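# A closer look at the structure
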Amino acid sequence: TFRIRLAPIIREEKAIGVVISLRDITDIRQLQQMRTEFVSNVSHELKTPLTSIKGYVETLLETEADEETYESFLEVIKNETNRLELLIDDILNLSKIESGVNELEKKVDINKVVSNLLSLLKPKAVDKNINLKLALDDNLPLINGDYNQLSRMMINLIDNAIKYTPEGGKVEVEASSKDQKLVVEVKDNGIGIPEEDLVRIFERFYRVDKGRSRKLGGTGLGLSIVKHIVENHHGDIRVDSEVEQGTTFTIEFPIA
Ligand code: ADP
């Protein structure tokens, strides 16, 4: 997309020519479009639970429900409220992370990051009878980064691996060093991702199966947060997946 400007050249009150300027505004346009899209997605995502809450509250106010119905409605309202809270947290996280990293100069030990998350993640795995296996080399090289962001990245990836793996499955977290890089892998033997969706899963609010993701408590923002964190740390992320076989996320970071 180009913006064209025309300006006459005037000498002694006579137009003797014209200056034509062309400016490529493709990037600006794209950025504007992405912003507009984001705002409209956010509004839609926030509105869905809100509409549901409103509906249930109105029904409770207008009808005389028995105690059981009353409680089940309140339960729905509670769940939708939690969902709203999660969404808002993720949106705030995303915008904070998008604005960059402040403490990249700190040295972070990914081994420590993962072991400190175990008390949070282990119960989720146990709940689904999932074998959560860690294979982190001792003496892993440190990376320059932000401890909290790297924790968030690991939580989102491992959370997803547990969420999208059926009962009795396996989730493995591996870390090693190779060619001056720290390589982290989160591998599951879950439902997998269809090939046509693979290129889009890092987009905000993109979900392969909206209904399933929502039921599992997903906001569709987890992987776009992960991607931003990896970029903030000058790393690379890739995903390999096969439907009904499993998914592997591989991240590489430059060593400090
Ligand atoms: P969500 O909150 O829906 O999990 P994410 O951004 O974390 O959102 O992930 C985007 C989508 O990618 C998910 O809705 C899901 O369809 C797919 N996905 C992510 N991780 C996995 C995984 N380990 N196995 C299968 N599908 C996954």
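Below is a summary of the structure that appears in this document. Note that the structure is predicted; figures quoted are calculated from it, not measured. (Residues numbered from 1 in each chain as written. Predicted model: local features only at pLDDT ≥ 70, side-chain atom pairs only at ≥ 80, totals over all residues. Heavy atoms only, no water.)

### Describing a positive patch on the surface
- Together, Arg3, Arg5, Arg23 and Arg29 line one region of the surface with positive charge.
- Assignment of secondary structure puts Arg29 in helix α1 (residues 26-62).
- When its relative accessible area of 44% is taken as the criterion, Arg29 is described as partly exposed. (Patch = residues over 30% accessible without salt bridge, like charges linked within 9 Å, V, L, I, M, F, W, Y side chains within 5 Å. Areas by Shrake-Rupley, 256 points an atom, 1.4 Å probe, with all protein chains shown as cover. Salt bridge = Lys/Arg side-chain N within 4 Å of Asp/Glu carboxyl O. Lys, Arg positive; Asp, Glu negative; His and termini not counted. Charge placed at Lys NZ, Arg CZ, Asp CG, Glu CD. Helix = DSSP H or I, 4+ residues; strand = E, 2+ residues; numbered from the N terminus. Buried < 20%, exposed > 50% of the residue type's maximum accessible area, 1.4 Å probe, protein only.)

### Considerations on the site of the ligand
- Around the ligand lies a shell of 21 residues, among which Asn160, Tyr164, Ser213, Thr219 and Leu223 are the nearest.
- Take Asn160: an N or O atom from its side chain is 2.8 Å from an oxygen atom of the ligand.
- Here a nitrogen atom of the ligand and a side-chain polar atom of Thr247 are 3.5 Å apart.
- In isolation the ligand offers 530 Å² of accessible surface; the protein chains occlude 97% of this area.
- When residues of the shell around the ligand are traced back to their parent elements, those giving at least two are α4 (147-163), α7 (222-232) and β9 (246-254).
- Tallying contributions element by element places α4 first for the shell around the ligand, with three residues. (Near = heavy atom within 4 Å. Polar contact = N/O pair within 3.5 Å; in protein donor to acceptor, adjacent residues only side chain to side chain.)

### Some thoughts on the pairing of strand β8 (residues 236-242)
- Relative to β9, β8 is paired through seven bridges, and the arrangement is antiparallel. Within β9, the position partnered with Arg238 by the bridge is Thr250.
- Hairpin connection between β8 and β9: a loop of three residues separates the two successive antiparallel strands, and Glu244 in this loop has a positive phi of roughly 65°. (Pairing = 2+ DSSP bridges.)

### Describing the pattern of salt bridges
- With the rule as written, the count across this model stands at 13 salt bridges.
- Notably, a salt bridge pairs Glu172 with Lys133, separated by 4.0 Å at the nearest N-O pair. One end of the pair, Glu172, is in strand β6 (residues 170-178); the other, Lys133, is in strand β4 (residues 131-136), and 39 residues separate them in sequence.
- Of the residues examined, Glu172 reaches a relative accessible area of 16% and is grouped as buried.
- A relative accessible area of 40% means that Lys133 is categorised as partly exposed.
- With a closest N to O distance of 4.0 Å, Asp240 and Arg238 form a salt bridge.
- A network of salt bridges, in which partner residues are shared, links Glu45, Arg83, Arg207, Lys210 and Arg214.

### Here's the deal with α1
- Across its 37 residues, α1 extends 53 Å between first and last C-alpha, which sits within 8% of the 54 Å expected from 1.5 Å per residue.
- Of all the bends in α1, the greatest reaches close to 25° and is centred on Lys47; the proline Pro49 follows between one and four positions later. (Expected span 1.5 Å × (residues − 1). Bend = angle between axes of the 7 residues up to and from the residue.)

### So, a negative patch on the surface
- A cluster of like negative charges, contributed by Asp66, Glu67, Glu68, Glu71 and Glu75, occupies part of the molecular surface.
- Its place among the elements puts Glu75 in helix α2 (residues 67-98).
- Look at Glu75 and you get partly exposed, because its relative accessible area is 41%.

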